[in-house]
Each structure stands twice: as C-alpha cells, then as structure tokens.
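Analysis of the macromolecular model
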Amino acid sequence: MKKNLVLLTVLLMAAACAPWKDDIWTLERALNEQEKALEEQEKALKEQQAQILAEQERLAILEGKYDGFKKSDTPFGIINMGVSADTVSKSLDFKSMIRVNPSGVPFTKEMLMLDALTTTQFFPVEPDTKASYVKAPEHFSLKSFEADKNAAGETLDGQYNLTIATAAQEVIWEDVNMAFVGAYVDKENKTQYVSTAPFPIVMMPLPGEGLDTWVYPKASFFITRSQEDEAGNPELVTELGKIYMALDYTDFETRDKEGNRRYSADFLSSATFVPEDGQPAVKAEFIKEEHCISFEPDTTGDLAWREFADSTGIKQISVKGNVTLNDRWGGSSVIPMTLTWFNTTSFTAEVKAKLSDIKDNVYKADLAGIFKEVGVELPLEKKARCVSNDVYWAVLDTNPAIDGMYEDGKENRIFTMDILKDSPLAVGDEAGITCAFVLTANPSDIHPTFARDQIQLKYKVHLTIVE
C-alpha cells in the first residue's frame, strides 16, 4: 500500500506539467479502487483468522465435552433438515430430521450429540417454593434416533428422524442456540468434528410454574348485585355466586439481572376444571382477557345444587377436583382444588355474656367460629387479593341497642360491643345490632378494577346477658 502512495505522489507531480492530465487522473482513480480492494481483502483475512480461531476454541470445547463418544471411520457432513418447533414446554419432546452426507456412511445414535452453543437461563424473580433449585445436569437430550422411511416403508439412506427430550428440575425459562455434532477420524488419525448449522430453541416453564395462582375458595351460593333495567332504573339481581382463581404473571430474570422475561396467562390455550367422581357439577370459564378462571355451580347438570338452594340452616357443599392449565406449546399443569359454596346469606349470631364479663357496658365477643361456618376465614383472605367490608346498622328492635366494631378485620373477628343503656345492666337484658359483610376478590393482574363479590352476608348479633 505504501508503494501505491509513492507512485501516486510521483504521478500527481508529473501531472502538473504534462499535457496528458486526463490519463493521470484515470490512473489515480484506478489506484484508489485498487487500494480499496486491498483493504477489503485485509478485512476479509482478519475475519477468516477470527473464524479459524473461534473454530479452534470450539474444537477444544467439543473435545472436552464429547471425548469418548463414537466416531466414524469415514469423513461425513451433517445437515439439519428442520426442527418441529422453536418453543417447547419443559418436559415435552420435539422432533427434528438430519441428513448425513455421503448417505452410505454407517451412522447410529451413539455418533450424534447435541451441542449448546449459547444458553441464556431465566429464573423467577422471587424465590419459588413450588420447585427446588437443584440444577439438572442436562436440559436437552437425544431421546430417539431412527432411519427415515418413505411412504412405502423403505429406509432412506442417510436420512434420520430424531426426538429431543427436555427436562429440568428447577423452575426455569431457557433460550438455547444449539446444533447437532458428530465426529470422524481422518487419515492422520485425528478427530474431526462436524456440526449442523445452529438452530434456536426456547424451553418454557410449565404453566403451574410460570403463573402465580391463588384463590379464595369459598363463596355464597347466591350473590345480589345492582344493575340497571332496560329503562335505566336501578334494580337488584340475584345470581349464582362464583369463585375466582387468579392467574398472576411471574417475572423471570438472569442470575446477573441483565436479561428478563415475563410469563403470563396470555401463554395459555385453555383452562379446565374436572370434579372428582361423585362430586357436584361445576362450570369453569377461563376469562383470558382478565387472566383468571371463574367457577359456578352447574344447577342444570346436577340436582344436588337445586336441593341445596332450597335447604335451610347453615349448610355448605364442597367440590373437590383438578384445574388443568394448558399452554400453547402443549405443556400442562394440574392443580388440585376444593371449592365450597354456602347457602346462608342471612343469619343471627347468638352471643351469651356473663354480667361479670361486661365492663363499662362493653363486651368483646369472638365471632370467628360463627363466620367460619359461612365461609369467612380471614387467614385465607390475607393470602389472596381480596377486600372485605363490614357495615353496621344500630337497630331499635331490642332495647338497649348495640354500637360495635371489629378490633382488626384482617387478623380476627373480635367484635367489641358497646351496649347503649343508661341504666345498669341486668341478667336477662338483650341487645342487638344488624350488620353486613362483603368479601370481594380482585383476581385480575392487569385490571385492578375487575372486582367480583364472592361472599355476601347480612347478619344480626344478638346479645343475651346471663349469670
């Protein structure tokens, strides 16, 4: 290149006094083009050297990884004829086909290995108790290998069908760039590795691992809600109570927190609920746009629900069954569940208090046991995205009446009653207050306003003073 620059300088100096300037400028352009060509050749040479170095490094890795697997005595090449999927759920298989050239080379399963060129793994952001973090030694493996056949059942030389299995003990989302690798021994008794072009594959967690599912598993059999009639006037409508199961998303990220993924209910193709044998029928609806499932008694398919609707007293029906979540890649997870409906929407809580236990006309009653009988368990509520609301009305059908409130609605059902009587209390006095309770679930992880009542109760606390 330096010689070209010197020659160019001499020619330019001569051009200033020569009559053939046009020929000089033509020569100058030719030299510039030659210089560019030389630069391109130099760049290509560096890239070739880098590629050779990378192949040498990969050869060293392959020798360490696959030393000992069966090698051919005849040189050959491998071509990947196609992979059946670019995404697969954990624990499922996917298919591939390869061709070995020349076709006459004897080839077996023991002569083929999977090589993961690059791997990126994503783990749940929060510690997950649903699976251990003991890493499996291999997430992809060659499960089966057989010669391809034509429609007549004749073996096609050099063409093979493969099944690749996936497996992982931990909850993981894995992006892999892999290739099929083989090896032969050349004339100098050196091992030569050959591989197909790399192909990408993504291994997804199973739905039960990728989604954070929760449910408040109890509901009133009947729910009353407000709506407008055709004329726009408000009206109350009573319908069957539904239980809602949330399918919240889970964020995944790499160990170094440089990369991330999000698994959501958008990846599901369906969600079903099947009661166990002998259990009352339940209709389940996968509300994909809200990322949740609703469960409703199937009164048309089971007479048990009709009898339950007409029953009196505090009663309940529990239904055991399995929710199956199916993703779009064929993976599925089964979640056992017990759902319970209560026939009671109105009841009286009878409280008997000793006169000696009432201080300054105030008495504290633990109503947790009574509320549990009608589906209200605050420890369950704390584990779900639910909102409870207590409303009180002082009533005058007893004299004295009661003014009351709960100490901590999220922790217990200790109801503090202030007995409204000016004169001293006596054995046999009665007092009461009418109350209402509503538990509302918010099962959508994307629409906080998607709220549905699951339990509605109107009840009376009736206090009787005893010795």
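No experiment lies behind these values; they were computed from the predicted model shown.

Turning our eyes to something else, we now look at the packing of aromatic side chains. Counted according to the given criterion, the structure contains 24 aromatic pairs. For the pair Phe107 and Phe145, a centre-to-centre distance of 6.0 Å together with 40 degrees between the ring planes defines the contact as tilted. Here Phe107, found in the loop between β3 (93-101) and β4 (113-124), pairs with Phe145, found in strand β5 (residues 140-149); they are 38 residues apart in sequence, far enough to count as distant. The buried category is assigned to Phe145, whose relative accessible area is 17%. Taken together, Phe347, Phe371, Tyr406, Phe415, Phe437 and Tyr459 form an aromatic cluster joined through their ring pairs. The aromatic ring of Tyr249 is capped on one face by Arg262, whose charged end is 3.7 Å from the ring centroid. Residue placement shows Arg452 over the ring face of Phe450; its charged tip is 4.0 Å from the ring centre.

The next thing to look at is unusual backbone geometry. Cis geometry is adopted by the peptide bond preceding Pro102, which originates at Asn101 and carries an omega value of -5 degrees. Along the chain, Pro102 falls in the loop between β3 and β4. Notably, Asn189 is not glycine yet its phi reads approximately 65 degrees, a positive angle. With respect to the element layout, Asn189 can be found in the loop between β7 (173-185) and β8 (191-195). On the accessibility criterion, Asn189 (64% relative accessible area) is exposed. Of note in this structure, Asn361 is not a glycine but carries a positive phi near 65 degrees. If you trace the backbone, Asn361 turns up in the loop between β22 (346-354) and β23 (362-366).

With that settled, consider the pairing of strand β19 (residues 292-297). As a general feature of sheets, a regular strand has side chains that alternate between the two faces. Taking burial as the measure, the six residues of β19 include six buried ones, the bulk of the element. For strand β14 (residues 243-248) and β19, the ladder comprises four bridges, and the chain directions are antiparallel. The partner of Ile243 across the bridge, within β19, is Phe295. As judged from the six bridges shared by strand β18 (residues 282-287) and β19, these two strands associate in the antiparallel manner. Across the sheet, Ile287 pairs through a bridge with Cys292, a residue of β19. Hairpin remark: β18 followed by β19, antiparallel, with four residues in the connecting loop; positive phi at His291, about 60 degrees.

Within the secondary structure layout, Glu296 lies in strand β19. Those residues within four positions of Glu296 in sequence are excluded, and the remaining contacts are Leu240, Gly241, Lys242, Val282, Lys283 and Trp341.

Turning our attention to the confidence of the model for the protein. On average, residues of the protein carry a pLDDT of 86, and 87% of them reach 70 or more. For residues 127-137, every residue scores under 50 in pLDDT, and the model assigns this stretch 26 contacts once sequence neighbours within four places are set aside.

Quick look at the sheet that holds strand β17 (residues 268-275) now. Strand order in the open sheet made by the four strands is β11-β21-β20-β17, with mixed pairing throughout. With partners counted over all chains shown, the strands left at the sheet margins are β11 (218-220) and β17, one partner each. Looking at each pair of strands side by side, their axes are set apart by 30 degrees on average, direction ignored.

A surface patch of negative charge is lined by Glu39, Glu40, Glu42 and Glu47. Within the secondary structure, Glu39 is located in helix α2 (residues 21-66).

A general tendency of soluble globular proteins is for nonpolar side chains to be buried together. Judged by nonpolar contacts, the single largest core of 34 residues is most densely connected at Met417, Leu457, Tyr459 and Val461. Mapped by element, the contributors of at least two residues to this core are β22, β23, β25 (401-406), β26 (414-420), β27 (430-441) and β28 (452-466). Apart from residues no more than four positions distant in its own chain, Val461 is found in contact with Ala349, Val351, Leu367, Phe415, Met417, Ala431, Gly432, Ile433 and Cys435.

With that settled, the discussion passes to the pairing of β28. Where burial is concerned, most of β28 is hidden: eleven out of the 15 residues are buried. Where β27 and β28 come together, twelve bridges link them in antiparallel fashion. Each residue of the ladder has a partner; that of Gly432, found in β28, is His462.

The next thing to look at is the sheet that holds strand β10 (residues 212-215). The sheet built from four strands is open, its strands ordered β10-β14-β19-β18 with antiparallel pairing. Where the open sheet ends on each side, the last strands, each with one partner, are β10 and β18. Between one strand axis and the next, the sheet turns by 15 degrees as a mean value, whatever way the strands run.

This part covers the side chain of Asp445. One can find Asp445 in the loop between β27 and β28. Among buried Asp, Glu, Lys and Arg side chains, Asp445 stands out as unpaired, with Arg385 the closest opposite charge at 6.0 Å. For Asp445, the side chain forms a polar contact with the side chain of His291, separated by 2.8 Å. Asp445 has contacts with Leu247, Asp248, Tyr249, Glu290, His291 and Arg385, leaving out every residue within four places of it along the chain.

Moving on: the pattern of salt bridges. It is possible for side chains bearing opposite charge to pair when their charged atoms get close. Under the definition given, this model contains twelve salt bridges. Between Asp175 and Arg261 there is a salt bridge, with the nearest N and O atoms lying 2.8 Å from each other. On the criterion of sequence distance, the pair formed by Asp175 in strand β7 and Arg261 in strand β16 (residues 260-263) is long-range, its members being 86 residues apart. Taking the shortest distance from any N to any O, the salt bridge between Lys242 and Glu296 comes out at 3.8 Å.

Tracing the chain through its elements places Gln454 in strand β28. The contact partners of Gln454, leaving out residues within four places of it in the chain, are Tyr216, Lys218, Ala219, Ser220, Ile223, Lys242, Ile243, Tyr244, Leu439 and Ala441. Only 2.8 Å separates the side chain of Gln454 from the backbone oxygen of Tyr216, close enough to count as a polar contact.

Basis of the calculations
Residues numbered from 1 in each chain as written. Predicted model: local features only at pLDDT ≥ 70, side-chain atom pairs only at ≥ 80, totals over all residues. Heavy atoms only, no water. Phe/Tyr/Trp six-rings, centres within 6.5 Å; stacked < 30°, edge-to-face > 60°. Helix = DSSP H or I, 4+ residues; strand = E, 2+ residues; numbered from the N terminus. Buried < 20%, exposed > 50% of the residue type's maximum accessible area, 1.4 Å probe, protein only. Lys NZ or Arg CZ within 6 Å of the ring centre and 35° of its normal. Pairing = 2+ DSSP bridges. Contact = heavy atoms within 4.5 Å. pLDDT = per-residue confidence, 0-100. Axes fitted to C-alpha atoms, helices over the stretch in contact; angles between N-to-C directions. Patch = residues over 30% accessible without salt bridge, like charges linked within 9 Å, V, L, I, M, F, W, Y side chains within 5 Å. Areas by Shrake-Rupley, 256 points an atom, 1.4 Å probe, with all protein chains shown as cover. Salt bridge = Lys/Arg side-chain N within 4 Å of Asp/Glu carboxyl O. Lys, Arg positive; Asp, Glu negative; His and termini not counted. Charge placed at Lys NZ, Arg CZ, Asp CG, Glu CD. Core = buried A, V, L, I, M, F, W, Y, C linked by side-chain atoms within 4.5 Å. Polar contact = N/O pair within 3.5 Å; in protein donor to acceptor, adjacent residues only side chain to side chain.

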